[in-house]
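Per-entry structural report
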Amino acid sequence: MTQQIEDYALIGDLRTAALVGLDGSIDWLCLPRFDSRAVFATLLGDARNGRWTMAPHSGGRCTRRRYRGDSLILDTEWITSDGAVRVTDFMSPTSARPHVVRSLEGLAGEVPMHTCIDLRMDYGKIVPSLDSVGGHLVATAGPDSVRLRSDVALTATQGTVSGDFVISAGQRLSFTLEHSPSSELELPTVDAADDLATTERYWLEWMGRCTYSGPWADPVKRSLITLKALTFAPTGGILAAATTSLPEQIGGSRNWDYRFCWLRDAAFTLRAFLATGYVEEALAWRDWLVRAVAGDPTGTQIMYAIDGTCHLPELTLDWLPGHAGSTPVRIGNEAATQRQNDVWGEVLDVLHATRAAEDPPHPHDADLERGLVTQLEQNWAEPDNGIWEVRGPQRHFVHSKLMAWVGVDRAVRVLENHHTRESLDELRDLREAIHTEVCHRGFSQARRAFTQSYGSVRLDASVLLMPRYGFLPWADPRMVATVDAIQKDLTRDGLVLRYAVGTEGTNVDGVHGEEGAFLACSFWLADALHGIGRTDEAAELFDRLLSLRNDVGLLSEEYDPSTGRHLGNTPQAFSHAGLITTALHLAEPTATTVQHHPPTWQEAVS
Ligand SMILES: OC[C@H]1O[C@H](O[C@H]2O[C@H](CO)[C@@H](O)[C@H](O)[C@H]2O)[C@H](O)[C@@H](O)[C@@H]1O
């Protein structure tokens, strides 16, 4: 049975990740990296596209599952008429080679079990050759091999390895699947018990660095672990999500590959990390960025591969039927070549915050910042594809101009702090000019709100971020009116759409179909409600959003309130960063003190 998006839990080793369904099947695994070709791709097709099942013979969904403490070790349990069994799934963040461990423990009785490993290399397409090497099975296709180690006898035919066995109370068994380049055939190196102890220690120590002590410890910690799981430890790159092509509309074509490092998404993640004590991650990302743009800091792209590669050609995988029939399945992402003028401000803002945590500053900081400011100065006045990466016509997006203001503002502050006069006056003038232009052209008196783009009356949730960056105070009546308008006209069942897609032919983003409520934007509305003094409503919305997490605390990109289903890639960094940030904001006093007698919006714009 195909699992739904919210049925999946994540395991990972900070190099790659796997999704494990409620039925105990690993339906998604790319090896050796997040962005490598998948060896299990049932997530985007069916059993023929590769998966690893591990469950009682009777099959079906587990009785319960949870992460072990504050770790990424997943315990899944079945209670059957024969007895009970626990499957512990994890990947080791400290091992030499990426591998998955599945450890079993009999809890009661004698449970007949079945496992089936359908290896399909190259995103579900290639049936690998199977060999027995030193008593272990090795599957090979092109550059990649995976080596299987099992405590029970397995049979192998045509790329499928399976086994039936009985596990008794107190008995422990383990299985490992380890990647290696096919030219380096070695025997499996993993010791499952040692690995489990090391992995548990790793997460315990990592969580020990957390400084959050507010009332939402469980969801905040789970979100932090999820964000950490989306970092690529070898380089410091940060992914937007662990998957490609999970649909934003079931059966639709809004299916994108998120296994890359967007500078914008990473900036949101890093703000959440910096605010909770995780400075090391921010420094590692800054070093990644320095290397990614090396040689030409004035030619920064909006996104890169996790190793800093700049070419991300977008292809479709025609042999995959897609998740719940949603095609095309895409790998790569054309958005890499877009002009998105918010990005320079996003990065300058987060570098500014990172600087505050590092003394002395990194020697490359000044070059990088100068390069970003140059790009900003050259581009900010041009129309662009914006934060939502629209594939329709470029526009003067208000959010892009906001972030241009943020970038210049942070550059001014750095120069002021260093008592440097070089270009300070020009930058101050530019900051003022952008602010005036946004207030003048970005606010629609007819709509009584900041809008999506200059001259438009469409709403866009991204302008909710304005006060968060210091562009306007929360109490500004234009902000209060904008929050009202978005809450009233840009929500579905109380959850926020990033924008109204529009009808075919007039749609704003140039992509067919509809989409769900955008979870990050819904967190931004909670922040905004708190900001303008409506804290009870903010807390209510936050509670609602927490209730949308799946059974193990994960959020995808979007949510369909009419079906109660998760939509889009999962788990999504944007959503989890939003959760952490809102939890932090709600713990602060509301920023607004004049809300009881606010000036009218007309007074403010006159
Ligand atoms: O809406 C069309 C675009 O959708 C994707 O972009 C979204 O994901 C990005 C990664 O999380 C995020 O930075 C952006 O704000 C989102 O709109 C897709 O990646 C694009 O290729 C596509 O044009």
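Because the structure is a prediction, the values reported are computed rather than measured.

Calculation notes
Residues numbered from 1 in each chain as written. Predicted model: local features only at pLDDT ≥ 70, side-chain atom pairs only at ≥ 80, totals over all residues. Axes fitted to C-alpha atoms, helices over the stretch in contact; angles between N-to-C directions. Helix = DSSP H or I, 4+ residues; strand = E, 2+ residues; numbered from the N terminus. Parallel < 35°, antiparallel > 145°, perpendicular 65-115°, else oblique. Left-handed = near helix turned anticlockwise from the far one by under 90°. Contact = placed C-beta atoms within 7 Å. Nonpolar A, V, L, I, M, F, W, Y, C, P; charged D, E, K, R; others polar. Near = placed C-beta within 6 Å. UniProt positions renumbered as here; feature names shortened; annotations may be inferred. Expected span 1.5 Å × (residues − 1). Buried ≥ 20, exposed ≤ 12 C-beta atoms within 10 Å, placed from the backbone. Pairing = 2+ DSSP bridges. Core = buried A, V, L, I, M, F, W, Y, C linked by C-beta atoms within 7 Å. Domains from an automatic or database assignment.

On to the packing of helix H11 (residues 519-531) against helix H13 (residues 573-586), then. The contact between H11 and H13 brings their axes to 8 Å, and the two run at 10 degrees. Viewed along their axes, H11 and H13 adopt a mutual orientation that is roughly parallel. The handedness of the crossing between H11 and H13 comes out as left-handed. Across the interface between the two elements, Leu 519, Ala 520, Phe 523, Trp 524, Ala 526, Asp 527 and His 530 of H11 pack against Phe 574, Ser 575, Gly 578, Leu 579, Thr 581, Thr 582, His 585 and Leu 586 of H13. Here the residues of the contact of H11 with H13 are counted per class, giving 8 nonpolar, 6 polar and 1 charged.

A word on the site of the ligand. Near the ligand, the surroundings consist of 16 residues, among which Ala 240, Trp 256, Ala 335, Trp 388 and Glu 389 are the closest. A breakdown of the residues in the shell around the ligand according to their chemical character gives 9 nonpolar, 1 polar and 6 charged.

Now for the UniProt feature "domain: Trehalase-like N-terminal" (unreviewed entry) in the chain. Per the UniProt annotation, the sites labelled "domain: Trehalase-like N-terminal" (unreviewed entry) are residues 3-150. End-to-end, the C-alpha atoms of residues 3-150 are 26 Å apart, and along that stretch the chain is 3% helix and 54% strand.

What follows deals with helix H10 (residues 477-489). With 13 residues, H10 extends 18 Å from end C-alpha to end C-alpha; this agrees with the ideal 18 Å at 1.5 Å per step. If you check which residues of H10 are buried, you get Arg 478, Met 479, Val 480, Ala 481, Thr 482, Val 483 and Ile 486.

Attention now goes to the pairing of strand S11 (residues 136-141). S11 sits mainly inside the fold: 5 of its 6 residues count as buried. As defined by bridge partners, S11 adjoins strand S12 (residues 144-150) across 5 bridges and the pair is classed as antiparallel. In the sheet register, Ala 139 faces S12, and the bridge partner there is Val 146. Remark: 2 residues form the turn of the hairpin made by S11 and S12, two consecutive strands paired antiparallel; Gly 142 in that turn has positive phi of roughly 55 degrees.

One open sheet accounts for 3 strands, arranged S26-S27-S28; its pairing is antiparallel. Two strands lie at the open edges of the sheet, namely strand S26 (517-518) and strand S28 (565-567), each paired on one side alone. Bridging between S26 and strand S27 (residues 558-560) involves 2 bridges; their strand directions are antiparallel. Within S27, the residue paired with Phe 518 across the bridge is Glu 558.

Mapped onto the fold, Thr 53 is located in strand S5 (residues 51-56). Assessed through the 19 C-beta atoms surrounding it within 10 Å, Thr 53 is described here as partly exposed. Not counting the four nearest positions on each side in its chain, Thr 53 is found in contact with Gly 24, Ser 25, Thr 115 and Cys 116.

This part is about unusual backbone geometry. Excluding glycine, most residues fall at negative phi; most peptide bonds, likewise, are trans. Cis geometry is adopted by the peptide bond preceding Pro 32, which originates at Leu 31 and carries an omega value of 5 degrees. With respect to the element layout, Pro 32 can be found in the loop between strand S3 (26-30) and strand S4 (38-40). If you check the backbone angles, Leu 14 has positive phi at about 65 degrees while not being a glycine. Turning to its location among the elements, Leu 14 is positioned in the loop between strand S1 (9-12) and strand S2 (17-20). Looking at Leu 14, the number of C-beta atoms within 10 Å reads 21, which means it is buried.

Among the nonpolar cores identified, the biggest contains 177 residues, and Ala 18, Leu 29, Leu 239, Phe 260, Val 496, Leu 525 and Ala 573 are the most heavily contacted of them. Looking at which domains feed residues into this core, each of domain 1 (5-184 + 191-196) and domain 2 (214-605) supplies at least three. When sequence neighbours within four positions are dropped, the list of residues in contact with Ala 18 reads Ile 11, Gly 12, Ile 26, Trp 28, Leu 29, Met 91 and Val 100.

Time to look at the packing of H11 against helix H12 (residues 535-547). Between H11 and H12, whose axes approach to 7 Å, the crossing angle comes to 160 degrees. One finds that H11 runs roughly antiparallel with respect to H12. Here the hand of the crossing between H11 and H12 comes out left-handed. Across from Leu 519, Ser 522, Phe 523, Leu 525, Ala 526, Leu 529 and His 530 in H11, the residues of H12 making contact are Thr 535, Glu 537, Ala 538, Leu 541, Phe 542 and Leu 545. Classifying every residue of the contact of H11 with H12 by side-chain character gives 9 nonpolar, 3 polar and 1 charged.

The next subject is the domain arrangement of the chain. Each domain of the chain was delimited in the assignment, giving domain 1 (5-184 + 191-196) and domain 2 (214-605). Distance between the C-alpha centres of domain 1 and domain 2: 35 Å. Of the residues lining the interface, 28 residues belong to domain 1; the matching set on domain 2 comes to 34 residues. Within the residue set of the side of domain 1 that touches domain 2, elements represented by two or more residues are S1, strand S6 (64-67) and helix H1 (121-124).

Attention shifts here to the pairing of S6. Of the two faces of S6, the one holding Arg 65 and Tyr 67 is buried and the one holding Arg 64 and Arg 66 is not buried anywhere. Bridge analysis of S6 against strand S7 (residues 74-80) gives 4 bridges, and the strand direction is antiparallel. The residue of S7 that forms the bridge with Arg 64 is Glu 77. Counting the residues that bridge the hairpin from S6 to S7 gives 6 residues, and of these Gly 69 lies at a positive phi of roughly 55 degrees.

Glancing now at the environment of Phe 523. With respect to the helices and strands, the residue Phe 523 is situated in helix H11. Take Phe 523: there are 27 C-beta atoms within 10 Å of it, and that puts it in the buried class. When the C-alpha positions of Phe 523 and Ile 580 are compared, they lie 9.3 Å apart, and in sequence the two are 57 residues distant.

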